[in-house]
Amino acid sequence: MSDPSAQKAKMKSAKKMRDLMTAYYIDALSAGQNNKRVAWITSGGPVEPLLAMDIIPVYPENHAAMIGSAKMGEDLCTKAEEMGYSTDLCSYARADISCSVVKGGPLGGLPKPDMLICCNNICGTVLKWYEVQARFYNVPLFILDTPICHTGYTPEIAKYVRAQIDEYIAFLEVVTKRKFNHEKMATVGKLSLEGQKLWQKVLNTTAHKPSPMSAFDAFFFLALIVTLRGTQIAVDFYTELVQEMEERIQNGISVVPGERYRLLWDNLPIWYQLKWLSGKFSEHNACLVADTYTSAWCGTIKYIDENRFLDSMAEAYTRIYLNIGVDQMADQVLEMIKFYDVDGFVMHSNRSCKPYSFGQLDIMGIVQEKAGIPVLMIEADMVDPRNFSQSQVETRIDAFMEIIKQNKG
Ligand code: SF4
């Protein structure tokens, strides 16, 4: 069997993506010398007002994912524990908090922030994490509170969150001592929506059989829609990526040669084991064609109106995947199972990410009952390898794939 990573290496967008991310981090690291401001922002936070004010957004979670990929997670998490943080704390938080102190990680520390923007639509952990960092750097912190929408978006929630968007803008005006640029905001809003639609298009290409890319590629290509959402750079990049995937489909190139089985992944990637996991599933001619994680950055497009971006943004950022009820999450998973026509569901029970992992047993039951496909649960952690046993996971994947092979015949 040919090496699947060889085909992956042929994706010309991969090099471009690395170059863009390098340029982005150089820009952020040299912001102080260029009279620019940096804001740290949570991955699910509304970034568009920052771009409208020419503030460079930096995502500690993206940085922590790089730590995980670089296999630096154990060392940095251990250092955080030596500072007194519990092993139960999310490994993104542990790795980044210690990074600030020891200036470690792949970049020798994150770009220094001038302010912090924390939105709790992903979890409650970020509230304390950002408080700690605001004290450490002695910079202002803005918290955007988005109540969980178990069943829907009520008028009370709409009013409450929308009012905070105005407070967010007022906060930026005070910190930057400049008036908010509504004209630029409208442009950024349009670019943000366009970028999200293109990202959705990229992910949709994997509905094709065989799939031109896998969830492992999506984990890699995700970084730009997270960090540069709302810019022309992201729109141009994803336009080219869609073209590249369409070319691969036309030329019959599949990311897993001889693809026979299609799987859906749940929860964050196990960053330090991507290569091994990708190879392991490929051995079984199985392709992870989609995942619930990367689709979160285009999952609320339906709520966005580019002509009233600020108003609709409040709803879109409140109703993201991690801020809705388990039944709604399960509905989204069932839709994906159907759309991508998958044969099995792989759930990463992630020790770090409680909001992602707590409802998984319920979702598993719903999927088994309604979709009737096998489900595999893997216990791990996205950054801290001390919570991953390769031999155990390997045994489980092998057994799971046997069931899928028997089911499919
Ligand atoms: S607990 Fe989950 S959502 Fe929160 S910061 Fe950690 S990984 Fe992200």
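Cut-offs applied
- Residues numbered from 1 in each chain as written.
- Predicted model: local features only at pLDDT ≥ 70, side-chain atom pairs only at ≥ 80, totals over all residues.
- Heavy atoms only, no water.
- Helix = DSSP H or I, 4+ residues; strand = E, 2+ residues; numbered from the N terminus.
- Buried < 20%, exposed > 50% of the residue type's maximum accessible area, 1.4 Å probe, protein only.
- Contact = heavy atoms within 4.5 Å.
- Salt bridge = Lys/Arg side-chain N within 4 Å of Asp/Glu carboxyl O.
- Pairing = 2+ DSSP bridges.
- Axes fitted to C-alpha atoms, helices over the stretch in contact; angles between N-to-C directions.
- pLDDT = per-residue confidence, 0-100.
- Near = heavy atom within 4 Å.
- Nonpolar A, V, L, I, M, F, W, Y, C, P; charged D, E, K, R; others polar.
- Phe/Tyr/Trp six-rings, centres within 6.5 Å; stacked < 30°, edge-to-face > 60°.
- Patch = residues over 30% accessible without salt bridge, like charges linked within 9 Å, V, L, I, M, F, W, Y side chains within 5 Å.
- Areas by Shrake-Rupley, 256 points an atom, 1.4 Å probe, with all protein chains shown as cover.
- Core = buried A, V, L, I, M, F, W, Y, C linked by side-chain atoms within 4.5 Å.
- Parallel < 35°, antiparallel > 145°, perpendicular 65-115°, else oblique.
- Left-handed = near helix turned anticlockwise from the far one by under 90°.
- Expected span 1.5 Å × (residues − 1).
- Polar contact = N/O pair within 3.5 Å; in protein donor to acceptor, adjacent residues only side chain to side chain.

> What is the right way to read unusual backbone geometry from this model?
Negative phi values dominate among residues other than glycine, just as trans dominates among peptide bonds. The omega torsion of the bond from Lys209 to Pro210 falls at -5 degrees, within 30 degrees of zero and hence cis. Note on placement: Pro210 falls in the loop between helix H9 (182–204) and helix H10 (215–227). Positive phi, normally seen in glycine, also occurs at Asp54, with a value near 55 degrees. Locating Asp54 in the fold gives a position in the loop between helix H3 (48–52) and strand S2 (55–58). Among the residues examined, Asp54 registers a relative accessible area of 48% and is labelled partly exposed. The phi torsion at Asp341 lies on the positive side, around 50 degrees, for a residue other than glycine. Structurally, the position occupied by Asp341 is in the loop between helix H14 (326–339) and strand S7 (344–350).

> Is there a simple way to explain helix H13 (residues 309–318) in this structure?
In an α-helix there are 3.6 residues to a turn, and that puts residues three or four apart on one side. Burial within H13 is extensive, with 8 of its 10 residues counted as buried. If you follow the buried residues of H13, they end up packed against H3, helix H8 (155–176) and H9.

> I tried to follow the pattern of salt bridges on my own but got confused; where do I start?
Opposite charge on two side chains allows them to pair when their charged atoms are near. Overall, the coordinates contain 26 salt bridges when judged by the stated rule. Three or more residues are tied together by salt bridges with common partners; here these are Glu81, Arg94, Asp384 and Arg386.

> Just to check I follow, could you spell out the environment of Tyr293 for this structure?
Relative to the helices and strands, Tyr293 is located in the loop between strand S6 (286–291) and H13. Along the chain, Tyr293 and Trp265 lie 28 residues apart, while their C-alpha atoms are 8.2 Å from each other. Leave out the neighbours within four places in its chain, and Tyr293 touches Tyr92, Phe219, Leu222, Asn267, Leu268, Pro269, Trp271 and Tyr356.

> Just to check I follow, could you spell out the sheet that holds strand S4 (residues 141–144) for this structure?
Where strands meet in a sheet, backbone hydrogen bonds hold them as pairs that are either parallel or antiparallel. What the 4 strands build is an open sheet, ordered S2-S1-S3-S4; its pairing is parallel. Looking at which strands have only one partner, the edges of the open sheet turn out to be S2 and S4. Ignoring strand direction, the axes of neighbouring strands in this sheet form an average angle of 25 degrees.

> Please explain the side chain of His348 as it appears in this structure.
Here His348 is to be found in strand S7. Looking at His348, the relative accessible area reads 0%, which means it is buried. His348 has contacts with Trp265, Asp266, Asn267, Leu268, Pro269, Ile270, Ser357, Gln360, Ile378, Ala380, Asp381 and Met382, leaving out every residue within four places of it along the chain.

> Any chance you could explain the confidence of the model for the protein chain here in plain terms?
For residues with low pLDDT, the predicted coordinates do not support detailed interpretation. Across the protein chain, the average pLDDT comes to 95, with 98% of residues at or above 70. Here residues 1–9 is modelled with pLDDT under 50, and outside its nearest four sequence neighbours on either side it reaches 14 contacts, counting other chains as well.

> How should I be thinking about the site of the ligand in this particular structure?
The environment of the ligand is made up of Glu61, Cys90, Tyr92, Ile122, Cys123, Thr125, Val126, Trp129, Leu268, Ser352, Cys353 and Met382. Ranked by residues supplied to the shell around the ligand, first place goes to helix H7 (residues 125–137) with 3 residues. Within the shell around the ligand, the residues separate by chemical class into 9 nonpolar, 2 polar and 1 charged.

> What should I look at first to understand the packing of aromatic side chains in this one?
To describe a pair of aromatic rings, one takes the distance between the centres and the angle between the planes. Following the criterion strictly, the structure yields 18 aromatic pairs and no others. Relative to Phe221, the ring of Phe220 has its centre 5.1 Å away and its plane inclined at 65 degrees; by these criteria the two rings are edge-to-face. Between the aromatic rings of Tyr321 and Tyr356, the centroid separation amounts to 5.8 Å while the plane-to-plane angle is 50 degrees, which identifies the pairing as tilted. Of this pair, Tyr321 sits in the loop between H13 and H14 while Tyr356 sits in helix H15 (residues 354–357); the two residues are 35 residues apart in sequence, bridging distant segments of the chain. Residue class for Tyr321 comes out buried when judged on its relative accessible area of 6%. What links up through ring pairs into an aromatic cluster is the set Trp199, Phe220, Phe221, Phe237 and Tyr238.

> How do you make sense of a nonpolar patch on the surface when you look at a structure like this?
Together, Met83, Val101, Val102 and Phe136 give the surface a local cluster of nonpolar side chains, amounting to about 330 Å² of exposed area. By the element assignment, Phe136 lies in helix H7.

> What am I meant to see in the nonpolar core here?
If you look at soluble globular proteins, the nonpolar side chains tend to sit buried side by side. Counting residues in hydrophobic clusters, the biggest one holds 152 residues, and the most contacted among them are Tyr92, Ile117, Trp199, Tyr238 and Phe281. Broken down by element, this core gets its largest block of residues, 10 residues, from H10.

> What exactly am I supposed to notice about the packing of helix H12 (residues 274–283) against helix H17 (residues 390–408) here?
The description of two helices packed together rests on the angle between their axes and the distance between the axes. Where H12 meets H17, the axes come as close as 11 Å, and the angle between the chain directions of the two elements is 25 degrees. Taken together, the axis directions place H12 and H17 in an arrangement best described as roughly parallel. Pair H12 / H17 crosses with right-handed handedness. Listed contacts from H17 to Trp276, Leu277, Lys280 and Phe281 of H12 are Gln390, Val393, Glu394, Ile397, Asp398 and Met401. In the contact of H12 with H17, the residues fall into 6 nonpolar, 1 polar and 3 charged.

> Just to check I follow, could you spell out H9 for this structure?
In this model, H9 (23 residues) spans 33 Å end to end at C-alpha, consistent with the 33 Å of a helix rising 1.5 Å per residue. Turning to H9, its buried residues number three or more, namely Met185, Val188, Gly189, Leu191, Ser192, Leu193, Gly195, Gln196, Leu198, Trp199, Val202 and Leu203. Where H9 is buried, its residues meet H3, H10, helix H11 (232–250) and H13. Sitting at the head of H9, Asn181 places a side-chain oxygen 3.2 Å from the backbone nitrogen of Glu183.

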